[in-house]
Amino acid sequence: STAFVQWVGEKTPISDTSYVGIDAILEQMRRKAMKQGFEFNVMVVGQSGLGKSTLMNTLFKSKVSRKSVQPNVEERIPKTVEIKSVSHDVEEKGVRMKLTVIDTPGFGDQINNENCWQPIMKFINDQYESYLQEEININRKKRIPDSRVHCCIYFIPPTGHCLRPLDVEFMRHLSKVVNIVPVIAKADTLTLEERDSFKKTIREELRANGIDVYPQKEFDEDAEDRMINDKIREMTPFAVVGSDQEYQVNGKRILGRKTKWGTIEVENIAHCEFAYLRDLLIRTHMQNIKDITCSIHYETYRVRRLNESNILFTSNPPDHPAVQPKANGQPEEQPATPQPNGVAAQHEALSHEM
Amino acid sequence: TLMEMLTSSHTPTHICNNSVFTLGEGARAVPLSGHVGFDSMPDQLVNKSVNHGFCFNILCVGETGLGKSTLMDTLFNTKFEGEPTQHNQPGVTLKSNTYELQESNVRLKLTVVNTVGFGDQINKEDSYKSIVEFIDAQFEAYLQEELKIKRTLHSYHDTRIHACLYFIAPTGHSLKSLDLVTMKKLDSKVNIIPIIAKSDAISKSELAKFKIKITSELVSNGVQIYQFPTDDESVAEINSTMNSHLPFAVVGSTEEVKIGNKMVKARQYPWGTVQVENETHCDFVKLREMLIRVNMEDLREQTHTRHYELYRRCKLEEMGFKDTDPDSKPFSLQETYEAKRNEFMGELQKKEEEMRQMFVQRVKEKEAELKEAEKELHEKFDRLKKLHQDEKKKLEEKKKTLDDEVNTFKQKKTAAELLQNQAQQAGGSTTLKRDKERKK
């Protein structure tokens, strides 16, 4: 029986005679997290030339993109969409992270781009599949390696008008299986007014097409969450500029793009919204992004997969009178014990009367 | 080519037709040229947990009267139970209570499970059984949830036991055989922390000997008790020191006594006062430190990654599931389960058929019996009827005969009377004489 909440004590500077130490668990969790480290898998999708690699390098302040890893390979546009992932171990103030950047060269680059989102969808589902495979093993790893795509950054070309059919198609399909964060790429070609009207148009089009990008309204946990996320939703998509070049501005070294008419400071929110993207993705919502992937997208995949499997293997003869599976498809743990309301029991009861 | 070079490493490729490669499983370390900000991840994780609240479940195993309830009250600084436990049930029962505690911004859902009647029986052979069953039942409930198709693991109220405090009676000699048997049955299912209860009954020197004896008995009987983890440098030292102080000799009390100018939790005797939080008096502080302030999270983790995994593995293997190799169909669990289920259904159907046949057979037999009886009855009835008819006939004949006789008699009487009258009219007394003579 759960009673009302009991306050047990607190640590005060004067004395801790009534201090139990329950809140020490926060420190314990922190310690554990530091020891275990984190995994983060981010996918970048967009036509070639939109600055995907540069943005990744800017976000993570290091050469994490695929191009940086393979500098000598001739860049050619592949004939189909390819999926290429690259992992790095990064560490900051004792916190270790395994960062995986998944590139999708060839997307949107063909003349006919029909269904070019399919290999990407397949890749994402394959990651769910391999996680599920490990999860249902009898002997399974203590920590199941997580290759699931936590976040998909979709690069919208800075046309200034509206979303292209390809953009809508991609986001419509993929927003159902992964967290999509749309960004306006190379936003330094848009003035602030152009940027704002472009964003407005995009938001309306997303709404009109029923596309839910991250942070999805239906996953807001409470009022506080909603308030914060509403603000983010009002700013979506972020207009970003990427750079891995440093320049001297006002005595400081900053990341930027130097042009004849001025230097665009990447981390200056007056210039572009890179900082908001970085804060969202890394500093404030990274855990939340992972949680949604884990408890919602993955679970949705799992439910669908298990149901498919059920239909495939169930072969009850049509005239079989009895034992119905439970409504939610829960497997019965002990199939050997007969159900008390089954036909067998009825027979037994009858034979007693004789 | 670069591609070949990168794919030649032993890292697995993803299940995808397109050209996919993964660079380095435990990839190479890459230096950062500035502050990225993912060092806030532990904070993000902690905040999420704070919002969710925490869950901790303690099982107290020990004989009646060893101060289990009092110790819980003392540890968590609160009065838990309203009424004292009833000690009149046969066998060992487990009583579980859940409380919501809060300290600063941390909400803890604490469940305390007590063994009622443990050690009270004359025959204690089965005492451990209900404890094992209870622990298994919590694992089972979690497993069921985990195997569900539509599941809600992140909001599931975890009832698995994270720590088992085993209360040893302060005899000063050695462990009781009940203790050894019980701990041996529990050590692969739960984190056991043995404690010497009511340790103010033992003197310091006896206590040291007692601890050594207990430890050596545990070791020689292969009982695995919970070891405070020493792999993390920040707590390795304190944990390994504490490991050497096991089993903790504790005293519990919620009564407060004034010592100096402070009110402290203590037990007051005529010969002195035992202060619960005085480390020279007892190990209560050590227990609290280890159980709550340092290792609560590790206890939860060990329960999940070790004890629960073992239960799950055994349970699934017991049911006939096996891990298949990656080439074969996925969903070994589902497949094997379905196969077993169909097998079972088939058997059930067969059994049903057999029973049905038997039922029909018996009905037939009974019917035949009844028919036979009916026939007999009919025959009997017929016979009786016939008998009755014969009787009736005979009686009627007799009656007829009798009637005839009566008629004849009547006729004769009438005739006689007629003659008499004639005679009287004709000759008076001579006829009388003649009649008299005739009558003689």
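Residues numbered from 1 in each chain as written. Chains lettered and ligands numbered in written order. Predicted model: local features only at pLDDT ≥ 70, side-chain atom pairs only at ≥ 80, totals over all residues. Heavy atoms only, no water.

*Asks:* Help me understand the overall build of chain B in this model?
*Replies:* The helix and strand inventory of chain B stands at 10 helices and 10 strands. The burial tally for chain B puts 43% of its 440 residues in the buried class. Once local pairs closer than 6 in sequence are excluded, the contacts in chain B between residues at least 24 apart make up 65%. Accessible surface computed for chain B: about 25,300 Å², of which carbon and sulfur atoms make up 53%. (Helix = DSSP H or I, 4+ residues; strand = E, 2+ residues; numbered from the N terminus. Buried < 20%, exposed > 50% of the residue type's maximum accessible area, 1.4 Å probe, protein only. Contact = heavy atoms within 4.5 Å. Areas by Shrake-Rupley, 256 points an atom, 1.4 Å probe, with all protein chains shown as cover.)

*Asks:* Even after reading the chapter, I still don't get the packing of aromatic side chains, so can you show me in this structure?
*Replies:* How two aromatic rings sit relative to each other is set out by the distance from centre to centre and by the angle between their planes. Across all of its chains, the model carries 15 aromatic pairs over all chains by this definition. Seen in terms of ring centroids, F107 of chain A and Y154 of chain A are 6.0 Å apart; in terms of plane orientation they differ by 85 degrees. Their pairing is edge-to-face. Placement of F107 of chain A in the loop between β4 (95-103) and α4 (118-135) and of Y154 of chain A in strand β5 (residues 151-156) is noted, with a sequence separation of 47 residues between them. Residue F107 of chain A shares its accessibility class with Y154 of chain A, and that shared class is buried. An angle of 80 degrees between the planes, with centres 4.9 Å apart, marks the rings of Y142 of chain B and Y308 of chain B as edge-to-face. You can see Y142 of chain B sitting in helix α4 (residues 127-147) and its partner Y308 of chain B sitting in helix α9 (residues 296-318), a full 166 residues away along the chain. On the basis of relative accessibility, which here comes to 0%, the residue Y308 of chain B falls in the buried class. The cationic tip of R160 of chain B hangs over the ring face of Y142 of chain B; the distance from NZ or CZ to the ring centre is 3.6 Å. The ring of Y308 of chain B has R160 of chain B sitting right over it, with the charged end atom 4.9 Å from the ring centre. (Phe/Tyr/Trp six-rings, centres within 6.5 Å; stacked < 30°, edge-to-face > 60°. Lys NZ or Arg CZ within 6 Å of the ring centre and 35° of its normal.)

*Asks:* Quick question: what am I supposed to make of the pattern of salt bridges here?
*Replies:* Close approach of charged atoms allows side chains with opposite charge to pair. Evaluated as defined, the whole model comprises 44 salt bridges over all chains. Of the charged contacts, one joins K176 of chain B and E63 of chain B as a salt bridge, the two residues approaching to 3.0 Å between their closest N and O atoms. Pair noted here: K176 of chain B is in the loop between β5 (163-168) and α5 (177-186) and E63 of chain B is in the loop between β2 (54-61) and α3 (68-75), with a separation of 113 residues, a long-range link. Judged by its relative accessible area of 31%, K176 of chain B falls in the partly exposed class. Assessed through its relative accessible area of 17%, E63 of chain B is described here as buried. Here the residues in one salt-bridge network are K61, E267, R278, D279 and R283 of chain A, joined through shared partners. (Salt bridge = Lys/Arg side-chain N within 4 Å of Asp/Glu carboxyl O.)

*Asks:* It is not clear to me how the pairing of strand β6 (residues 192-196) of chain B should be interpreted in this structure. Could you clarify?
*Replies:* Looking along a regular strand, one sees side chains alternate from face to face of the sheet. Residue and element names in this part refer to chain B. Of all 5 residues in β6, 5 are buried, a share of seventy percent or more. Along β6, one buried face is formed by I192, P194 and I196 and the opposite face, lined by I193 and I195, is buried too. Of the pairings in the sheet, the one linking β5 to β6 comprises 5 bridges and is parallel in character. Paired with Y166 across the bridge in β6 is P194. With α5 bridging β5 and its parallel neighbour β6, the resulting β-α-β unit is right-handed. (Pairing = 2+ DSSP bridges. Right-handed = clockwise from strand over helix to strand, strands pointing away.)

*Asks:* I tried to follow the confidence of the model for chain B on my own but got confused; where do I start?
*Replies:* Do not read the predicted coordinates in detail wherever pLDDT is low. Residue and element names in this part refer to chain B. Here chain B averages 85 in pLDDT, and 85% of its residues register 70 or above. Overall, residues 1-25 carries pLDDT values under 50, and its contacts beyond four positions in sequence, including any with other chains, amount to 48 contacts. Here the prediction assigns the complex a pTM of 0.75, and the interface score ipTM is 0.80. (pLDDT = per-residue confidence, 0-100.)

*Asks:* Can you help me understand the sheet that holds strand β9 (residues 262-269) of chain B in this one?
*Replies:* Residue and element names in this part refer to chain B. Spatial strand order, β8-β9-β10: 3 strands in an open sheet with antiparallel pairing. Looking at which strands have only one partner, the edges of the open sheet turn out to be β8 (256-259) and β10 (272-275). Across the sheet, the axes of successive neighbouring strands diverge by a mean angle of 65 degrees, strand direction being ignored. As defined by bridge partners, β9 adjoins β10 across 4 bridges and the pair is classed as antiparallel. Bridged to Y269 within β10 is G272. (Axes fitted to C-alpha atoms, helices over the stretch in contact; angles between N-to-C directions.)

*Asks:* What exactly am I supposed to notice about the environment of I259 of chain B here?
*Replies:* Residue and element names in this part refer to chain B. Counting through the fold element by element, I259 comes out in strand β8. Assessed through its relative accessible area of 29%, I259 is described here as partly exposed. C-alpha of I259 to C-alpha of N57: the two residues are 202 residues apart in sequence and 34 Å apart in space. Non-local contacts of I259, meaning those with residues more than four positions away in its chain, are made with V264, T273 and Q275.

*Asks:* How should the layout of surface pockets be read in this particular structure?
*Replies:* Unfilled space is identified by rolling a water-sized probe across the atoms. Looking at the second largest pocket, its volume works out to about 520 Å³. If you go around the second largest pocket, you meet 17 residues; those closest to its centre are D225 and T284 of chain A together with N47, K48 and N51 of chain B. If you list the elements that add at least two residues to the lining of the second largest pocket, you get α7 (223-235) and α9 (286-313) of chain A together with α2 (41-52) of chain B. With 6 residues, α2 of chain B is the largest single contributor of residues to the lining of the second largest pocket. In terms of residue class, the lining of the second largest pocket is built from 1 nonpolar, 9 polar and 7 charged. (1 Å grid on protein atoms, 1.4 Å probe; cavity = no way out; pocket = protein on both sides within 12 Å on 5 of 7 lines; lining within 4 Å. Points joined across faces, edges and corners; volume = space filled by probe spheres on them. Nonpolar A, V, L, I, M, F, W, Y, C, P; charged D, E, K, R; others polar.)

*Asks:* Explain the pairing of β5 of chain B to me, please; I cannot follow it from the model alone.
*Replies:* Residue and element names in this part refer to chain B. Among the 6 residues in β5, 6 count as buried, and that is most of the element. With burial as the criterion, each face of β5 is covered, one bearing A163, L165 and F167 and the other bearing C164, Y166 and I168. Here β2 pairs with β5 via 4 bridges, running parallel. Among the inter-strand pairings, L59 is bridged to a residue of β5, identified as C164.

*Asks:* I would appreciate a short explanation of α4 of chain B in the present structure.
*Replies:* In an α-helix there are 3.6 residues to a turn, and that puts residues three or four apart on one side. Relative to the 30 Å expected for 21 residues at 1.5 Å per residue, α4 of chain B spans 31 Å between its end C-alpha atoms, a close match to the ideal helical length. Judged by how many residues are buried, α4 of chain B sits mostly within the fold: 16 of 21 residues are covered. (Expected span 1.5 Å × (residues − 1).)

*Asks:* What is the right way to read unusual backbone geometry from this model?
*Replies:* Peptide bonds are mostly trans, and most non-glycine residues show a negative phi. Here the amide bond leading from Y214 of chain A into P215 of chain A is cis, since omega sits at -5 degrees, within 30 degrees of zero. If you trace the backbone, P215 of chain A turns up in the loop between α6 (192-208) and α7. In this chain, L246 of chain B is followed by P247 of chain B through a cis amide linkage whose omega measures -10 degrees. Within the element layout of this structure, P247 of chain B appears in the loop between α7 (233-243) and β7 (248-249). Here K61 of chain A, not a glycine, exhibits a phi torsion of approximately 45 degrees, which is positive. Assignment of secondary structure puts K61 of chain A in the loop between α2 (52-59) and α3 (66-69). The class of K61 of chain A is buried, set by a relative accessible area of 12%. Of note, the phi angle at S104 of chain B is positive, near 45 degrees, even though the residue is not glycine.

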